[in-house]
Amino acid sequence: MSAEKNNVSKNPKSGGNGNPVGAVMVVGGGIAGVQAALDLANTGFFVHLVENSPAIGGVMAQLDKTFPTNDCSMCILSPKLVECGRHLNVQIHTLSMVTGISGEPGAFKVALTKKPRYIDLAKCTGCGDCTKVCPVLMPDEFNAGLADWKAAYRLYPQAIPAAFAIKKLDRAPCTLTCPAEINVQGYVQLIKMGKYKEAVRLIMERLPLPGVLGRICPHPCEDKCRRQEMDEAVAICSLKRFAADQVDLSAFSPPPVAVRPEKVAIIGSGPAGLACAYHLALKGYRPTMFESLDQPGGMLRVGIPDYRLPKEILDREIDNILRYGVELRTNTALGRDFTLDELFDQSFQAVFLGLGCHVGKPLGIPQEEAEGVIQGVEFLKKKNLGEPFTVGQRLAVIGGGNVAIDVACTARRLGSEVTIVYRRSREEMPAFHHEIEQALCEGVKIIYLAAPLKVVTGGDGKVMGLVCQKMELGEPDASGRRKPVPIPGAEFELPVDMVVPAIGQEAALGALADWDVKVSKWGTIEVDETTYQTSRPGVFAAGDVHSGPWIAIEAVGGGIEAAESIDRYLRGADLAEGRVLGQEAHERWRELPRDEEGRPREVMQTLPPEHTCACFDEIALGFTEAQAQAEAARCINCGVCSECMECVAACKAEAVDHSQKPEAVELEVGAVILAPGFKAFDPHIYESYGYGTYPNVVTSLEFERILSATGPFEGHLVRPSDHRAPKKIAWLQCVGSRDTRPGAHGYCSGVCCMYAIKEAVIAKEHAGADLDTAIFFMDMRTYGKDFERYYNRAQNEAGVRFIRSRIHSITPAGPDSQDLKLEWVEENGDKKSEVFDLVVLSIGLEVGEDLRRLADTVGVALDGDGFVETGSFAPVASSRPGIYVCGAMAGPKDIPYAVMEASAASAVSSSLLAPARRTMVREKTYPPEMPVWEQEPRVGVFVCHCGINIAGVVDVPGVREYAQTLPNVAYVADNLFSCSEDTQKLITEAIKENQLNRVVVAACTPRTHEPLFQETIREAGLNPYLFEFANIRDQDSWVHQQEPELATEKAKDLVRMAVAKAALLEPLQPVHLEISQNALVIGGGLAGMTAALNLADQGLFTYLVEEKDELGGHARKVGHTWKGEDVGAYLFDLSRRVQNHDQIEVLTGAQVTQVKGFVGNFETTVQCRGHEHHIQHGAAILATGAHSLKPKEYLYGDNDRVTRWHDLEKRFVENPQLLAEAEAVAFIQCVGSREPERPYCSKICCTGSVSQAIALKKQNPELQVYILYRDLRTYGPREHLYRQAREMGVVFIRYRLEDKPKVESATINGREKLLITVTDHILERPLKIPVDYLNLATAIIPKGLDTLAKFFKVPLNHDGFFLEAHMKLRPVDFATDGVFVCGLAHYPKPIEESIAQAQAAAARAATVLTKGYVEVDPIVSVVDELLCIGCGLCEASCPFNAIRLNQVTGKGYRAENITAACKGCGVCSAACPQRAIDMMHFRDRQIVAAIHAGGQARAI
Amino acid sequence: MDYSFEPKILAFLCNWCSYAGADLAGVSRFQYPSNIRIIRTMCSGRVDPVHIIEGLKSGFDAVFVFGCHFGDCHYLEGNHHTARRMQLVGQMLEIAGLGKDRLQLRWVSAAEGQIFADTVTELTELVRGLGALRGSRWQLPLAAVQRALNSSQLRWLMGVDRQMTEKANVYGDRLEAADFQDLLRRCAQQEYEKALLVEALQEGPQTVRQMAMRTGLPVYCVSRRLNDLERTGQADLLGYEGSSPKFTLLSA
């Protein structure tokens, strides 16, 4: 194995053994990618489908209806997605990006990065329980931001894979800032939802003191809150307090962990010690906490007055920590009662030092030891511990920090007069601003810019005054604050009887240094900053004793880290591994919401100062519930997912995994297909349109979502601002397209005209006829098949208004109006204005930054517009061999064209990798099937809980017991998740143990899960068709949530119906038909030759039949493509390759005279130069081309100066002198096209005439060139030609169908000329143009297709072109299996599109031919020949020609089902007058049994 | 008697559009009354007219058929067949006196979860208004409707409609849509009457008068239909009771 892999890297040309790799990577899971993947997988290649988002489907899934058939987009897309999701040989890589690619065609190595989904795809059942509990709302990208979705989300309801995903960016700045790394965003969200217990539980994952820190934390998190950029920070600290106050901590139970025997000593019970002890307890240790005082809490208890932190809060939370298994020994001090070494002697294996800083710093002034001088910390301690001491009448407190304020306010409450002496000014005071305010309110005096000089004592040695020095501010010192300097001579004395220094604290380290614990020069314990280990192994320290006096939350953080280290130390693990100092932050956060208005933070109620200064009641009263929830709702969810873990708790399948990390994946593939689609143009650059400012200006994509039944308004046509139904809607075309301003694009986006018309028509269907719709456009480009008809109908039947004008700005209709005013100038110069309620911007398609990066990564060249560069003769090949491209990344295009290119890309990949076909595909083997024909039915019924999705409404055990009573039921069970892997095993075992021969699963829906269970019973040896589903979730528990009893009753009925049907189910075998692997291509033009060559290159023998004596068709008349490539040279080369190919037999001068058979087994008779050939073939491609109209107008045929198509070019090539002498030539467009008798656009003529005009201008710059047109349809990048022609001076004159140009022969100045009269569209008066030559762009018309149509039983459309199976998603297939179409016989199209379509047809034919057999789903109809009377009604009613009359000797005609062609709809069965036809698996008796069972009296 | 009537409704849903729409209603948690019992078919075109009657006979108060919108059909035009057939079934129910409202046909796409829920809600209310379909009174008419819908003549006409109105038959005749509808209606009436008599005769030989009493058909009508049955060998004259001829069923 490994040797083979080495081979690959040494010799990248081969797939290890000289062959290419039989796998292909398709990038992009939109419709093009899905089509390419399916085509390849169905022709024997393994496909890696790489999609950036969590689900496949792409933009098409977002669309409402599709043009021109008005099909529901999701309805037609969904089956393909499902097929892709289930295909054994398509591996979908979601949330994945290509990060590198190396190697050569046939053997590429691709590097992928897979982003974490945070939900296990294999376990997720798609039930949505996670999204229900998720608190985080974010703009729903699928709904173009018009709705919200949750951080746990599914791209759209029908997504494949159906699994949910969690969107997570970097952790929020609040959490990153918190020293204890509390998940702030998470608990804020839980508070928002009213889940206080969960919020506290989340806080307590890190912090065991939520109520304490919720009161006293200086909350550095709030300083980093990004809400400040909008208004004010979220009141995080107050929210924490609120949550803690709502919850009884005793309701939490310690986690069930194994108790660890190692003894750990915690010295000091302040915040660091408590946090360390708590976390050790969570890990299973039972630490002992030593406290020198008689009560625990450290500085929290002795340093903080009750009015800030009531003692009962502290007691409650410490008691809770002790409850977790922490032993507390008070009145036991290190150094006094025991030594560090003694601890280790007493078999403690680790020690944590959380001693704090409890020693006040001396002032260093005379008389400081006098009676009446007391340190601030000492003062507070005595008060807080209730120790007896006398408080002075008049106090001087020295210092400007929180301790000074706390002392001052405490003393005020005890009745003293208090003066604070601070040496700098108010601005420099380090105490919290609001506390200074509080102190002032309570009557504390503050003297700024004063320093104590000496304590004055009386005769009794007691304090009686304090002499102070006045100061002023000098130069800034090291801290950046201005340094106070004494004002010489300015001294004063304060008459006080107590002096309280509060200028800082130190740690009391005692003999630590002697016990090998290193102490810093600042008197703190030195530790490793990551592990908190001191210099002595096994001894750890954190909190103030390490950091110096600092905030409690920092001490908590240190305690948590130390606990982690202690655990590692005791387990012998590396202390530092995987731990980093601080968290890595990329600041990838959610953008600030643009549309949300500012909302200031909630203000907490406090006690009035007159009340507070008399007692120690808590000042701050806490938020009310309404306040807390409103405040929490202000959080903008920077990280998107808040990691509140509600989803983890809610998910019964245990699928949520927040620990997932990005993954690197390497793939080996033979070819790569890029199909990543496009980015919708962002119209923000059009400032004058006010998109983003005016809510009722929306993009076309947003409008699709508005129309969609699954959209934000559930399909109600309302406008965003007020959800009112609009009365007037305008569409502005060419937004971002046909525009050369910076940021916009010069090309035409090719699809917007049609989608705007469609949106207008559908809007009218929604709103009724009185909705006014207007489309503002420049040229109406409805160039595709049936598009012109759609345009005409919109205009004439639906009444959509079309206004030829480009709108330059949108303005509000009035000062407070949400309506919008448009102003424009009519063609005749009239100024107009109208007010609309809604304006839709028809935005174009572009290649976004991500896609450019992708192109760069894979190394393919882009053209000037940013699309992948391709040539007309190899329309899906990129600049890098072996890498193909399809869909909008190679130029703007609509869905059918993208689908066609996808098949074409599959075709060229197949021919590249043909030798490796079927080398990497997976095939499954099953045990032999149990014969059940002669057995009594033994039905097993499995009822699913689906977590709580079913069981939360339906009485599942009740249903199970009821099922036991039903006839033929031999076994019943109920399962938590029937689709989980272990349940699959249970089902398999139950089948074997109980000899079950039919299985009913009552669960979700057969549409998604039937194949899974069929697979399961197959593995147990049962035929997959012996399975029946009862849908008791999607169609029961989910839709009758308020009626559990009725839902249960319904579930019982549905189970009874399923059992009744199941008992009658029969084993069915897929029909396996051997086929001919040869192909027949009819038509030897460019399309036919291309198709034949590709099939032959894929190794499939192909007959190419051409009516004429020569290959080449109409392309022989074309000189150059619109891109300038030489068509003649290519054609010559192509026909040589076709004729010399040993897998192609060319029959020229040949005519098809008869076709018999059906898919896989056609027999076609061809007359060729007097011989009759009988060709056996499995598939056929019809590529018989089209012709150009010879008109009877404009003097064509009467005057030889009037020519058509390429005749003028040819004339000038043959006689260059004529061109040199000519003064003027004209082109008339739409000759015979877009007229009542031929209401379609011939698509290629505008580009043809414009490129000819440019060529003529280049050859003879003096020549006047006129193009007379109706709409200039240089769609897509061809628009550049149009611009170039105008710049070169080609004159474009628009005419109207009802006022066509007139042409007459004339002699002007003695020269023979043509005189053209046409009405100028701007001047509105006739112009007379003399020209030397006139060239007509005449209609492309189908000819003689009806014979072939009859032979192959395929339909023609109203214009006589072949009609494909589905205009959108099956552009080269016919409804009749095995027959395909390409080239002009399908519809007029340019060369590159013909070639792509030909390759696509080859790919589709290959899906039939390469297998060597057709396997048909046995759900087909069967005819009872004894009952059949040969009436033929079935044949007439089958659109697939899958049933036909056969002559049976002696009986006349009898119907026969052609299994290979039957699709299983059952229409024939319901049609048969004799009831002679039945439908397998949906047999009459099976359906009737279900009906009877369902109609039975109620099951109670 | 005071009980609130909860109708029981059978619904046929096609796999590709309406069943998917019903699933979407579920995924989206759109609530609707729990009265329907769903049977999935691949295409609404699979639903045989007879299935509707089987439903009404076996205890359902109404039957709904849901399919794809025109143009959305996975099988191209199966739903067109459904539309024509269900129209006829409705007519038959009308003729039989049950009223056509007990059969409802609606189009719901795979994206229309809300519409599915709304439609079921609306139609359930409608059926609630119709009241229960109970009692022996409807046994005979329903059996007759079923027999008529099984008759090859009606089934042929149901299937041949497009051919007759859009193309032409083998003789080149083409009917206007309205004429065809007329023909179909007349034929439905006759087939129903014949079927009703056959069902009545299943209970034993009866006189024309007895049959008129039993079926509610006018005596003249009974005579004419008996003639038809006689001609096709389905019934025969047994004798007379008084002046009224007595008929019996011939085993087919």
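Residues numbered from 1 in each chain as written. Chains lettered and ligands numbered in written order. Predicted model: local features only at pLDDT ≥ 70, side-chain atom pairs only at ≥ 80, totals over all residues. Heavy atoms only, no water.

Peer 1: Would you mind showing me how to read the overall build of chain A here?
Peer 2: What chain A contains, in helices and strands, is 43 helices and 66 strands. If one aligns the C-alpha atoms of chain A with their principal axes, the spans along those axes are about 140 × 95 × 70 Å. Residues classed as buried in chain A amount to 60% of the 1500 residues present. Of the contacts formed within chain A by residues at least 6 apart in sequence, a portion of 71% connects residues at least 24 apart. When the accessible area of chain A is evaluated, it comes to approximately 57,800 Å², of which 50% is carbon and sulfur surface. One finds the centroid of the 158 positive side-chain charges in chain A at a distance of 3 Å from the centroid of its 190 negative side-chain charges. (Helix = DSSP H or I, 4+ residues; strand = E, 2+ residues; numbered from the N terminus. Buried < 20%, exposed > 50% of the residue type's maximum accessible area, 1.4 Å probe, protein only. Contact = heavy atoms within 4.5 Å. Areas by Shrake-Rupley, 256 points an atom, 1.4 Å probe, with all protein chains shown as cover. Lys, Arg positive; Asp, Glu negative; His and termini not counted. Charge placed at Lys NZ, Arg CZ, Asp CG, Glu CD.)

Peer 1: What is the right way to look at the side chain of R226 of chain A in this model?
Peer 2: Relative to the helices and strands, R226 of chain A resides in the loop between α9 (220-223) and α10 (236-246). Here R226 of chain A sits buried without a salt bridge, and the closest side chain of opposite charge, E229 of chain A, lies 4.3 Å off (N-O distance). (Salt bridge = Lys/Arg side-chain N within 4 Å of Asp/Glu carboxyl O.)

Peer 1: Sorry, what's going on with the environment of V921 of chain A here?
Peer 2: Residues and elements named next belong to chain A. Examined against the element boundaries, V921 turns out to sit in the loop between α27 (895-913) and β39 (939-944). Overall, the relative accessible area of 18% leaves V921 in the buried class. Sequence separation of V921 and I420 is 501 residues, and the distance between their C-alpha atoms is 84 Å. With residues up to four places along the chain from it excluded, the contact list for V921 reads G44, F45, F46 and N89.

Peer 1: How do you make sense of the confidence of the model for chain A when you look at a structure like this?
Peer 2: Detailed conclusions should not be drawn from predicted coordinates in areas where pLDDT is low. In the predicted model, chain A carries a mean pLDDT of 92, and 98% of its residues have values of at least 70. This model gives residues 1-16 of chain A a pLDDT under 50, and the stretch forms 16 contacts once residues within four places in sequence are excluded. (pLDDT = per-residue confidence, 0-100.)

Peer 1: Any chance you could explain empty space enclosed by the protein here in plain terms?
Peer 2: Scanning the entire structure with this criterion turns up 19 cavities of 30 Å³ or more. Roughly 290 Å³ of volume is contained in the largest cavity. Contributing to the lining of the largest cavity are 19 residues, with E1028 and F1029 of chain A together with I38, I39 and R40 of chain B lying nearest its centre. Going through the elements one at a time, α30 (1006-1019), β42 (1027-1031), α32 (1044-1063) and α43 (1484-1495) of chain A together with β2 (36-41) of chain B are the ones with two or more residues in the lining of the largest cavity. Grouping the constituent residues of the lining of the largest cavity by class yields 12 nonpolar, 3 polar and 4 charged. (1 Å grid on protein atoms, 1.4 Å probe; cavity = no way out; pocket = protein on both sides within 12 Å on 5 of 7 lines; lining within 4 Å. Points joined across faces, edges and corners; volume = space filled by probe spheres on them. Nonpolar A, V, L, I, M, F, W, Y, C, P; charged D, E, K, R; others polar.)

Peer 1: Is there a simple way to explain the environment of F1027 of chain A in this structure?
Peer 2: Residues and elements named next belong to chain A. Relative to the helices and strands, F1027 is located in strand β42. When the C-alpha positions of F1027 and V1000 are compared, they lie 5.9 Å apart, and in sequence the two are 27 residues distant. Those residues within four positions of F1027 in sequence are excluded, and the remaining contacts are V999, V1001, E1010, F1013, Q1014, I1017, L1065 and H1481.

Peer 1: Is there a simple way to think about the sheet that holds strand β31 (residues 772-777) of chain A in this case?
Peer 2: Each strand in a sheet pairs with another by means of backbone hydrogen bonds, the pair being arranged parallel or else antiparallel. Residues and elements named next belong to chain A. The strand order across the open sheet formed by 5 strands is β29-β36-β30-β31-β32, and the pairing between neighbours is parallel. Bordering the open sheet on either side are β29 (697-699) and β32 (801-804), each of which pairs with just one other strand. Adjacent strand axes in the sheet meet at a mean angle of 25 degrees, parallel and antiparallel pairs treated alike. Bridge count for β31 against β32 is 4 bridges, and the pairing is parallel. Across the sheet, residue F777 finds its bridge partner in β32, namely R804. Relative to the sheet, helix α24 (residues 752-767) contacts β30 (728-735), β31, β32 and β36 (838-843), its axis offset from that of β30 by approximately 170 degrees. (Pairing = 2+ DSSP bridges. Axes fitted to C-alpha atoms, helices over the stretch in contact; angles between N-to-C directions.)

Peer 1: What am I meant to see in the packing of helix α8 (residues 208-215) of chain B against helix α9 (residues 219-231) of chain B here?
Peer 2: The angle between the axes and the distance between the axes are what describe a pair of packed helices. Residue and element names in this part refer to chain B. With their axes 9 Å apart at the nearest point, α8 and α9 run at an angle of 110 degrees to one another. Classified by the angle their axes make, α8 and α9 are roughly perpendicular. By crossing handedness, the relation of α8 to α9 is classed as right-handed. Residues V208, R209, M211, A212 and T215 of α8 form the contact with α9, whose own contacting residues are V219, V222, S223 and L226. Residues belonging to the contact of α8 with α9 are distributed by class as follows: 6 nonpolar, 2 polar and 1 charged. (Parallel < 35°, antiparallel > 145°, perpendicular 65-115°, else oblique. Left-handed = near helix turned anticlockwise from the far one by under 90°.)

Peer 1: Before we go on, may I ask you to explain the packing of aromatic side chains in this structure?
Peer 2: For any pair of aromatic rings, the description rests on two quantities: the centre-to-centre distance and the angle between the ring planes. Residue and element names in this part refer to chain A. A complete count under the given rule lists 39 aromatic pairs over all chains for this structure. The interplanar angle of 0 degrees and the centroid separation of 4.0 Å between the aromatic rings of F873 and Y1130 together place this pair among those described as stacked. Note that F873 is positioned in the loop between α26 (849-858) and β38 (883-885) and Y1130 in helix α34 (residues 1127-1140), a separation of 257 residues in sequence. On the basis of relative accessible area, Y1130 is assigned to the buried category, the value being 16%. Seen from their ring centres, Y1269 and F1292 are 6.2 Å apart, and the 75 degrees between their planes marks the pair as edge-to-face. With Y1269 in strand β54 (residues 1264-1269) and F1292 in strand β55 (residues 1291-1294), this residue pair connects regions lying 23 residues apart in the sequence. For Y1269, a relative accessible area of 6% gives the class buried. F1292 sits in the buried class, given a relative accessible area of 13%. (Phe/Tyr/Trp six-rings, centres within 6.5 Å; stacked < 30°, edge-to-face > 60°.)

Peer 1: What exactly am I supposed to notice about the packing of helix α16 (residues 402-413) of chain A against helix α17 (residues 433-441) of chain A here?
Peer 2: Residue and element names in this part refer to chain A. Direction vectors running N to C along α16 and α17 enclose 25 degrees, while the axes themselves pass 10 Å from each other. Of the possible angle classes, the one that applies to α16 and α17 is roughly parallel. By crossing handedness, the relation of α16 to α17 is classed as left-handed. Contacts between α16 and α17 involve N402, I405, D406, C409 and R413 from the former and E435, I436, Q438 and A439 from the latter. Taken together, the residues of the contact of α16 with α17 break down into 4 nonpolar, 2 polar and 3 charged.

Peer 1: So what exactly am I meant to see when it comes to the interface of chain B and chain A here?
Peer 2: How big an interface is tends to be stated in terms of accessible area lost as the parts join. At the junction of the two partners, chain B supplies 62 residues and chain A supplies 68 residues. In total, about 5,300 Å² of surface goes out of reach between chain B and chain A, with carbon and sulfur atoms giving 57% of it. Interface area lost by chain B to chain A is led by R29, R37 and R46 of chain B, which between them contribute 13%. The tally of links from chain B across to chain A stands at 7 salt bridges. One salt bridge connects D1484 of chain A with R46 of chain B, and the closest N-O pair in it is separated by 3.2 Å. For the side of chain B that touches chain A, the secondary structure elements donating two or more residues are β1 (9-14), α1 (18-27), β2, α2 (49-57), α3 (78-95) and α6 (152-166) of chain B. Residue contributions to the side of chain B that touches chain A peak at 8 residues, all from α1 of chain B. Classifying every residue of the side of chain B that touches chain A gives 29 nonpolar, 19 polar and 14 charged. (Buried area = accessible area lost by both parts, 1.4 Å probe.)

Peer 1: I'm lost on α27 of chain A in this one. Help?
Peer 2: Each α-helix turn comprises 3.6 residues. Residues three or four places apart therefore point the same way. Residues and elements named next belong to chain A. Relative to the 27 Å expected for 19 residues at 1.5 Å per residue, α27 spans 27 Å between its end C-alpha atoms, a close match to the ideal helical length. Of all the 19 residues making up α27, 17 are buried; the element is thus mostly covered by neighbouring parts of the structure. The opening residue of α27 is D894, an N-cap whose side-chain oxygen sits 3.3 Å from the backbone nitrogen of Y897. (Expected span 1.5 Å × (residues − 1). Polar contact = N/O pair within 3.5 Å; in protein donor to acceptor, adjacent residues only side chain to side chain.)

Peer 1: Would you mind going over the sheet that holds strand β14 (residues 327-329) of chain A with me for this structure?
Peer 2: Residue and element names in this part refer to chain A. Overall, parallel pairing links the 5 strands, which are arranged β14-β13-β12-β15-β25 in an open sheet. Looking at the sheet topology across the chains shown, the edges are occupied by β14 and β25 (539-541). Strand-to-strand twist across the sheet, computed as the mean angle between neighbouring axes with direction ignored, equals 20 degrees. Two strands pair when backbone bridges link them, and strand β13 (residues 288-290) and β14 are joined in this way by 3 bridges, in the parallel orientation. Within the sheet, the bridge partner assigned to T288 lies in β14 and is E327. Taken strand by strand, helix α19 (residues 552-571) contacts β12 (263-267), β15 (348-353) and β25, and its axis lies near 165 degrees from that of β15.

Peer 1: What is the right way to read unusual backbone geometry from this model?
Peer 2: Across the chain, the bulk of peptide bonds are trans and the bulk of non-glycine residues have phi less than zero. All names here are of chain A. With omega at -5 degrees, the peptide bond leading from F67 into P68 counts as cis. Mapped onto the elements of the fold, P68 is located in the loop between β3 (65-66) and β4 (71-72). Geometrically, the link from I160 to P161 is a cis peptide bond, its omega value of -10 degrees lying close to zero. Considering the arrangement of structural elements, one finds P161 in the loop between β10 (152-153) and β11 (165-166). Even without being glycine, R1234 reaches a positive phi, approximately 55 degrees. Inspection of the secondary structure puts R1234 in the loop between β53 (1224-1231) and α37 (1245-1259). Among the residues examined, R1234 registers a relative accessible area of 7% and is labelled buried. Residue K1243 is not a glycine yet carries a positive backbone phi of 65 degrees.

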